[in-house]
Amino acid sequence: MDEQALLGLNPNADSDFRQRALAYFEQLKISPDAWQVCAEALAQRTYSDDHIKFFCFQVLEHQVKYKYSELTTVQQQLIRETLISWLQAQMLNPQPEKTFIRNKAAQVFALLFVTEYLTKWPKFFFDILSVVGLNPRGVDLYLRILMAIDSELVDRDVVHTSEEARRNTLIKDTMREQCIPNLVESWYQILQNYQYTNSEVTCQCLEVVGAYVSWIDLSLIANDRFINMLLGHMSIEVLREEACDCLFEIVNKGMDPVDKMKLVESLCQVLQSAGFFSIDQEEDVDFLARFSKLVNGMGQSLIVSWTKLIKNGDIKNAQEALQAIETKVALMLQLLVHEDDDISSNIIGFCYDYLHILKQLTVLSDQQKANVEAIMLAVMKKLTYDEEYNFENEGEDEAMFVEYRKQLKLLLDRLAQVSPELLLASVRRVFSSTLQNWQTTRFMEVEVAIRLLYMLAEALPVSHGAHFSGDVSKASALQDMMRTLVTSGVSSYQHTSVTLEFFETVVRYEKFFTVEPQHIPCVLMAFLDHRGLRHSSAKVRSRTAYLFSRFVKSLNKQMNPFIEDILNRIQDLLELSPPENGYQSLLSSDDQLFIYETAGVLIVNSEYPAERKQALMRNLLTPLMEKFKILLEKLMLAQDEERQASLADCLNHAVGFASRTSKAFSNKQTVKQCGCSEVYLDCLQTFLPALSCPLQKDILRSGVRTFLHRMIICLEEEVLPFIPSASEHMLKDCEAKDLQEFIPLINQITAKFKIQVSPFLQQMFMPLLRAIFEVLLRPAEENDQSAALEKQMLRRSYFAFLQTVTGSGMSEVIANQGAENVERVLVTVIQGAVEYPDPIAQKTCFIILSKLVELWGGKDGPVGFADFVYKHIVPACFLAPLKQTFDLADAQTVLALSECAVTLKTIHLKRGPECVQYLQQEYLPSLQVAPEIIQEFCQALQQPDAKVFKNYLKVFFQRAKP
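Everything quoted here is computed from the prediction, not taken from an experiment. (Residues numbered from 1 in each chain as written. Predicted model: local features only at pLDDT ≥ 70, side-chain atom pairs only at ≥ 80, totals over all residues. Heavy atoms only, no water.)

Next up on the list: the overall build of the protein. Summing up its helical and strand segments, the protein has 45 helices and zero strands in all. Along the three orthogonal principal directions, the C-alpha set of the protein runs to about 90 × 85 × 70 Å. Looking at the protein residue by residue over its 962 residues, the buried ones come to 52%. The long-range share in the protein, meaning contacts at least 24 apart out of those at least 6 apart in sequence, stands at 72%. By element, 51% of the accessible surface of the protein is carried by carbon and sulfur atoms, the whole surface being about 44500 Å². (Helix = DSSP H or I, 4+ residues; strand = E, 2+ residues; numbered from the N terminus. Buried < 20%, exposed > 50% of the residue type's maximum accessible area, 1.4 Å probe, protein only. Contact = heavy atoms within 4.5 Å. Areas by Shrake-Rupley, 256 points an atom, 1.4 Å probe, with all protein chains shown as cover.)

Here is the structure:
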């Protein structure tokens, strides 16, 4: 062994040594006999350094996993002997090996087991057991090996090939026949021997039993001697968590519903008589979390039994199962309401499924109604934040509570399905009593009261948020609560969680304000003052900006009286914060987008005449344009790169804000009708010069491009005069990404304006293509993945552009480019269809080819096109699907094949019998297709139903491929 390289295995070694060790490992993996050196080092205990031992096991692992079949029988025997002699040595070692070495050794044993058990080493377990006996070190390794084998055979997280899955099934079947009873006996002996003296080994053994119980005969474990021992372990502090998990696995195993019911009931009786159901006496929360999981498993198992028995029509036993479930509800409720959220969370599944049963029953007993109410109270109590929750700096604990709240929400939704009236009444009671005294109530109770009202919106189903019409009692209850919410003054509560919940709820029930619009002014004030957009917490300001825009949008009909007042009050929030003066604005630029959108919505949906709308919109956008001009001049002069970047950012925000205001326009309220075209054309003229700025190109171009997309929608043909010069700037010194983002803009213009932009398209068609080809032909590093991906995406964009041009009835744009250019374009489409293994691009190429054949393939098509069809398009329809990379099992590829079929059908449609004759007499014979298959192919092609041919084509290529 290279001793120098081995030094690098130490985690404290310097990086050169570590690199050398890695290189050495790679070298040993390739070497045909290096594993023997490692095997010998392990068997003879040459090295005492743990990292070297681990390294030797890694080399052996690689050999067994990837190169085992290359070894001779003698060499394979040597590996077996090495491992067994290493195992024997462990019995005598004064100190056990480190855990990471034992785990790695167990993995190597497990790999060897799955490779050899069925063929060369059927006595694997007997050999190991005869070595380890009841020696604690040996038993530890034996149990680790069993866990490693279990994860090789049944671990659902490991992806197995179908071959491995078959092998694993066979191994499990063989084990069940040959050795499982002996393994179970060995576990019993280990547990009996060590339960009072070695908790670590006992817990490991319980973990093994829990893992294997899912796929071995349950009667080997679910019998008196085993269960009694496990129940004994439940009373031993160091064992009881593992014993609980082991019982959970036993209870979880699929079995006959009546047998399962008996098993669970007998377990419960013993646990109850041993005092485990008296939860309030138990202080160990870790144990209770496991116990809660066990009770959850028992409850859900009984519910599965009940469901099966009902389905089978066995009413008597189903009744018994329901009785058994009901007797667990009191315990479930104690666990659900436990102050520790993990304990509570573990029982939610049982609780949820129990409510599902109640939902199916036609009549509920008084006890069941009481249970529903108790669950409801528990959920309300557990939704409450605790004192420790850190709102300003949310960490892992906070994230876990948020997840836990989501689980409780599912319970609340389920409660609403069982008894909506009861839920509504309970929430109303809690809400009303809390809000009556909100000034003297703790924040978490106020927050949860409002939260419950918020949650009712989803729990009580209605269409389109119509909570305030229809069912009168429900509508009036919700209306009462909303009225209380907005008139109680609770929006002034000094805690961010309450403030946020207030605004969330107001927006969730926006329909309330169409019923009682008199409350709108006070809610608007809350949004606009220190409670909302000017709150001391940035988190509240940010969320309120979004909620404010939703509130205004949904109530735009009711906003007219307040428009000018709102616009005045938000004036300072619209300021573009300049990069230089260190001024910290109240809102981030992302939040400002919502404020600009809100301002736009208010202006556009107002009842003002067009002149007034135009004046207001100009007031909104002029400051942006003026700032933009100043900042662009500064950017041109800026030397420092950091300053350039912050100026470009600021310019980009200005364009983004202007874009966002245009979202307010709709088909009913167009820019023209609102008299705002001129303002936006001024914006365009202000922003376009940024395209010729040589600095910070990416960010500036991206912003202006987005603005252009918006203006094409809003200004329609008024935008056209600006497109040629904008395009010219955007095509200067482009990268793949620039082009890829520019092409959708041209596609949008082409699809929208069609013939109107034909002259412009004809003029820019070849310059655009040259720019694309130039980027695609640039050499790139062979294994540069990101460059390859960029080119693939650009290729797709290029073909999408051609598809838009041909699909918008603009094929003359291509036809007028001169014969040589037309041919060049057509050849690229053929290449796209055949040569690049990208089914998305291939599909587009076939769509383009079909369209061109449809337009030009008739008798009066362009000169030479018919020749091109037979020389290039027909062959493409066969060469593409025949490629190895054309995977007919892949959904995208099948879509490409479908378009290929359309292309062939279109050729037949346009060229008639001549096409069939060409296929029959020239092309298909040149591919060595058998005459009867040629006959069959041509008949399918001539079928009037296109679907028949599509299906046939798939079968044709499946047969043709080896």
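Going through the model one piece at a time under the given rule, you end up with one cavity of 30 Å³ or more. The calculated volume of the largest cavity comes to roughly 40 Å³. Looking at the largest cavity, the residues that line it are Gln90, Pro96, Glu97, Arg102, Arg137, Asp140 and Leu141. Broken down by element, the residue count for the lining of the largest cavity peaks at three residues, all from helix H8 (residues 136–154). Classifying every residue of the lining of the largest cavity gives two nonpolar, one polar and four charged. (1 Å grid on protein atoms, 1.4 Å probe; cavity = no way out; pocket = protein on both sides within 12 Å on 5 of 7 lines; lining within 4 Å. Points joined across faces, edges and corners; volume = space filled by probe spheres on them. Nonpolar A, V, L, I, M, F, W, Y, C, P; charged D, E, K, R; others polar.)

At a minimum axis separation of 10 Å, helix H24 (residues 496–508) and helix H27 (residues 538–554) run at an interaxial angle of 10°. The angle between H24 and H27 places the two elements in the roughly parallel class. Contact with H24, carried on its side by Thr496, Thr499, Leu500, Phe503, Glu504, Val506 and Val507, involves Lys539, Val540, Arg543, Thr544, Leu547, Arg550 and Phe551 of H27 and no other residues of that element. By residue class, the composition of the contact of H24 with H27 is seven nonpolar, three polar and four charged. (Axes fitted to C-alpha atoms, helices over the stretch in contact; angles between N-to-C directions. Parallel < 35°, antiparallel > 145°, perpendicular 65-115°, else oblique.)

Right, let's talk about the domain arrangement of the protein for a bit. The assigned domain composition of the protein is domain 1 (254–386 + 396–424), domain 2 (489–577) and domain 3 (818–961). Placing a centre on the C-alpha atoms of domain 2 and another on those of domain 3 gives a separation of 60 Å. (Domains from an automatic or database assignment.)

This paragraph deals with the packing of helix H41 (residues 865–882) against helix H43 (residues 913–926). One way to put it is that H41 packs onto H43 with a least axis distance of 12 Å and a crossing angle of 70°. Relative to H43, H41 is oriented roughly perpendicular. Handedness of the crossing formed by H41 with H43: right-handed. Here H41 contributes Tyr870, Val874, Pro875, Phe878 and Leu879 to the contact with H43, which in turn contributes Glu914, Cys915, Tyr918, Leu919, Tyr923 and Leu924. (Left-handed = near helix turned anticlockwise from the far one by under 90°.)

Counted by the stated rule, this structure contains 48 salt bridges. Of the charged contacts, one joins aspartate 50 and lysine 98 as a salt bridge, the two residues approaching to 2.8 Å between their closest N and O atoms. Here aspartate 50 is found in helix H4 (residues 50–66), whereas its partner lysine 98 is found in the loop between helix H5 (73–92) and helix H6 (99–116), with 48 residues between them in sequence. In this structure lysine 98 comes out as partly exposed when scored by relative accessible area, which is 46%. When salt bridges that share partners are traced, they join Asp50, Lys53, Glu97 and Lys98 into one network. (Salt bridge = Lys/Arg side-chain N within 4 Å of Asp/Glu carboxyl O.)

So, on to helix H11 (residues 199–212). Taking 1.5 Å of rise per residue, the 14 residues of H11 would be expected to cover 20 Å, and the 20 Å separating its terminal C-alpha atoms lies within 8% of that figure. Counting buried residues in H11 gives eleven out of 14 residues, a clear majority hidden from the surface. Regarding H11, the residues found buried are Val201, Thr202, Cys203, Gln204, Cys205, Leu206, Val208, Val209, Gly210, Ala211 and Tyr212. The opening residue of H11 is asparagine 198, an N-cap whose side-chain oxygen sits 3.3 Å from the backbone nitrogen of glutamate 200. (Expected span 1.5 Å × (residues − 1). Polar contact = N/O pair within 3.5 Å; in protein donor to acceptor, adjacent residues only side chain to side chain.)

Attention shifts here to the environment of phenylalanine 468. Mapped onto the elements, phenylalanine 468 comes out in the loop between helix H22 (443–459) and helix H23 (472–487). Spatially, the C-alpha atom of phenylalanine 468 lies 6.5 Å from that of phenylalanine 512, the residues being 44 residues apart in sequence. With residues up to four places along the chain from it excluded, the contact list for phenylalanine 468 reads Ala475, Leu478, Gln479, Met482, Tyr509, Lys511, Phe512 and Val515.

This brings us to the UniProt feature "domain: Importin N-terminal" (unreviewed entry) in the protein. Cross-referencing UniProt, the feature "domain: Importin N-terminal" (unreviewed entry) maps to residues 21–89 in the present numbering. Along residues 21–89, the helical share is 78% and the strand share 0%, with 27 Å between the first and last C-alpha atoms. (UniProt positions renumbered as here; feature names shortened; annotations may be inferred.)

Attention now goes to the layout of surface pockets. Approximately 810 Å³ is the volume found for the largest pocket. Those elements giving two or more residues to the lining of the largest pocket turn out to be helix H15 (285–312), helix H18 (341–360), helix H19 (366–382), helix H20 (396–418) and H22.

A few words on the nonpolar core. Inside soluble globular proteins, nonpolar side chains tend to come together where they are buried. In terms of nonpolar packing, the biggest core is built from 346 residues, with Met175, Trp187, Phe291 and Phe878 touching the most fellow members. With 13 residues, H22 is the largest single contributor of residues to this core. Residues within four places of tryptophan 187 in sequence aside, it is in contact with Tyr142, Leu146, Cys205, Val208, Val209, Tyr212, Ile216, Ile221 and Phe226. (Core = buried A, V, L, I, M, F, W, Y, C linked by side-chain atoms within 4.5 Å.)

The phi dihedral of glutamine 696 is positive, around 50°, even though this residue is not glycine. For glutamine 696, the location among the structural elements is in the loop between helix H32 (677–687) and helix H33 (697–715). For glutamine 696, a relative accessible area of 23% corresponds to the partly exposed category. In this structure, glutamine 928 is a non-glycine residue whose phi angle is positive, near 60°. By the element assignment, glutamine 928 lies in the loop between H43 and helix H44 (931–941).

This paragraph deals with H44. Note that an α-helix has 3.6 residues per turn; residues three or four places apart therefore point the same way. Burial in H44 covers these residues: Ile934, Phe937, Cys938, Ala940 and Leu941. Viewed along the axis of H44, the buried residues span an arc of 160°, placing them on a single side of the element. Of the surrounding secondary structure, the elements contacted by the buried residues of H44 are H41, helix H42 (891–911), H43 and helix H45 (946–960). (Arc of directions from axis to C-beta.)

Another aspect to go through is the packing of aromatic side chains. For the coordinates displayed, the defined rule picks out 52 aromatic pairs. Ring geometry for phenylalanine 276 versus phenylalanine 287: centroids 6.2 Å apart, planes at 55°, classification tilted. Of this pair, phenylalanine 276 sits in the loop between helix H14 (257–273) and H15 while phenylalanine 287 sits in helix H15; the two residues are eleven residues apart in sequence, bridging distant segments of the chain. For the pair phenylalanine 276 and phenylalanine 287, one class covers both residues: buried. Between the aromatic rings of tyrosine 918 and tyrosine 923, the centroid separation amounts to 6.3 Å while the plane-to-plane angle is 20°, which identifies the pairing as stacked. Each member of the pair, tyrosine 918 as well as tyrosine 923, carries the same accessibility label: buried. (Phe/Tyr/Trp six-rings, centres within 6.5 Å; stacked < 30°, edge-to-face > 60°.)

This part covers the side chain of serine 426. The topology assignment puts serine 426 in helix H21 (residues 420–436). Accessibility expressed as a relative area gives 1% for serine 426, which makes it buried. A distance of 2.8 Å separates a polar atom in the side chain of serine 426 from the backbone oxygen of leucine 422.

Another point: the state of the cysteines. The full count for this structure, using the stated rule, is zero disulfides. Not engaged in a disulfide, the cysteine cysteine 676 finds its nearest cysteine sulfur in cysteine 674; these two sulfurs lie 5.4 Å apart. According to the relative accessible area criterion, cysteine 676 is buried, its value standing at 1%. Among the cysteines around cysteine 683, which has no disulfide bond, cysteine 676 carries the closest sulfur, lying 10 Å off. In this structure cysteine 683 comes out as buried when scored by relative accessible area, which is 1%. (Disulfide = S-S within 2.5 Å.)

In this fold, leucine 776 is placed in helix H36 (residues 758–777). Spatially, the C-alpha atom of leucine 776 lies 10.0 Å from that of alanine 787, the residues being eleven residues apart in sequence. With residues up to four places along the chain from it excluded, the contact list for leucine 776 reads Lys791, Leu794 and Arg795.

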